[in-house]
Amino acid sequence: NELLENKVAVGELFSDAHKKVWVATSKGFGRLEGWRYKEIIKTGVAWGFAQAGDEVLIAADGGLFLADQRDSVRTASTLKEIAQYTITGILRDKQNNYWLQTNSHGILIWNREKDTILRRISMTDGLSSNIVYSMLEDSRSNIWIGTGYGLNRLRMSGNYTVLALDKFGRADGM
């Protein structure tokens, strides 16, 4: 197997709307086809995935990419800000906007249709760290954010105004 033979680190696995399994690696991204790995593109490190309509949105070194079912890949955004930050994960919210977690600049909320940043969330807004490791939207539309300094629970209005940002750390048993 190419992944084992080339000592490639595997980060995230993602099953798309067509039940295809995508693989983020230390050298790019690809898909599993049966028991074989098919490399789609070498980008440097690939970090994460999200469903984007019939395509898959991929965070990798160099920005965001869209891949279709025919393995055609294109750049998803022309924004310099997205290309210059290391985006380490993606969360699509209930409004179909994408939360882009970074390794040093907090979170960018990106609207794919307009290719615009709707909001930036960082330590300035109360986030416990600008190093974001994970995000999850719960059934109450709270966004849970795992950072370099603990867990955050973010409540926002429909227009992305911060209503509350709670921090959980050592004092809370973390």
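### Looking at the overall build of the chain
At step 1: Within the chain, the secondary structure is distributed over 2 helices and 16 strands.
At step 2: Seen through its C-alpha atoms, the chain measures out along the principal axes to roughly 45 × 35 × 30 Å.
At step 3: Taking all 174 residues of the chain together, the buried fraction comes to 48%.
At step 4: Contacts in the chain between residues far apart in sequence, at least 24 positions, make up 35% of those at least 6 positions apart.
At step 5: Taking the average location of the 22 positive side-chain charges in the chain and that of its 20 negative ones, the two points are 2 Å from each other.

### Some points on the side chain of S77
At step 1: Residue position: S77 is located in the loop between strand 8 (73–75) and helix 2 (80–84).
At step 2: For S77, a relative accessible area of 9% puts it in the buried group.
At step 3: Here L79 takes part through its backbone nitrogen, which lies 3.1 Å from a polar atom of the side chain of S77.
At step 4: Looking at S77, its side chain comes within polar contact range of the side chain of D115, at 2.6 Å.
At step 5: For S77, the contacting residues outside a window of four places in its chain are L64, I82, W110 and D115.

### Some details on the confidence of the model for the chain
At step 1: Here the chain averages 91 in pLDDT, and 97% of its residues register 70 or above.
At step 2: The lowest-confidence element of the chain is helix 1 (residues 2–5), averaging 60 in pLDDT; the highest-confidence one is strand 11 (residues 107–111), averaging 97.

### Some points on the pattern of salt bridges
At step 1: Evaluation of the coordinates by the stated rule reveals 10 salt bridges.
At step 2: Notably, a salt bridge pairs E33 with R31, separated by 3.2 Å at the nearest N-O pair.
At step 3: The exposure class of E33 is partly exposed, given its relative accessible area of 40%.
At step 4: For R120, the salt bridge goes to E81, with nearest N and O atoms at 2.6 Å. Here the residue R120 occupies a position in strand 12 (residues 116–121), and E81 occupies one in helix 2, the gap between them amounting to 39 residues.
At step 5: The network of salt bridges with shared partners includes R31, E33, K38 and D71.

### Section: the nonpolar core
At step 1: Ranked by internal contacts, the top residues of the largest apolar core, which has 16 residues, are L57, L64, I82, I90, Y98, L100 and W110.
At step 2: Filtering out sequence-adjacent residues up to four positions away, L100 remains in contact with L64, I82, I87, G89, I90, G106, I107, L108, W110 and M135.
At step 3: Within the second largest apolar cluster, 14 residues are counted, among which are I107, L127, V132 and L165.

### Focus on the pairing of strand 16 (residues 162–168)
At step 1: Sheet topology note: the strand 15 (residues 150–156)/strand 16 ladder contains 6 bridges and is antiparallel. Among the inter-strand pairings, L151 is bridged to a residue of strand 16, identified as F168.

Rules of the game
- Residues numbered from 1 in each chain as written.
- Predicted model: local features only at pLDDT ≥ 70, side-chain atom pairs only at ≥ 80, totals over all residues.
- Heavy atoms only, no water.
- Helix = DSSP H or I, 4+ residues; strand = E, 2+ residues; numbered from the N terminus.
- Buried < 20%, exposed > 50% of the residue type's maximum accessible area, 1.4 Å probe, protein only.
- Contact = heavy atoms within 4.5 Å.
- Lys, Arg positive; Asp, Glu negative; His and termini not counted.
- Charge placed at Lys NZ, Arg CZ, Asp CG, Glu CD.
- Polar contact = N/O pair within 3.5 Å; in protein donor to acceptor, adjacent residues only side chain to side chain.
- pLDDT = per-residue confidence, 0-100.
- Salt bridge = Lys/Arg side-chain N within 4 Å of Asp/Glu carboxyl O.
- Core = buried A, V, L, I, M, F, W, Y, C linked by side-chain atoms within 4.5 Å.
- Pairing = 2+ DSSP bridges.

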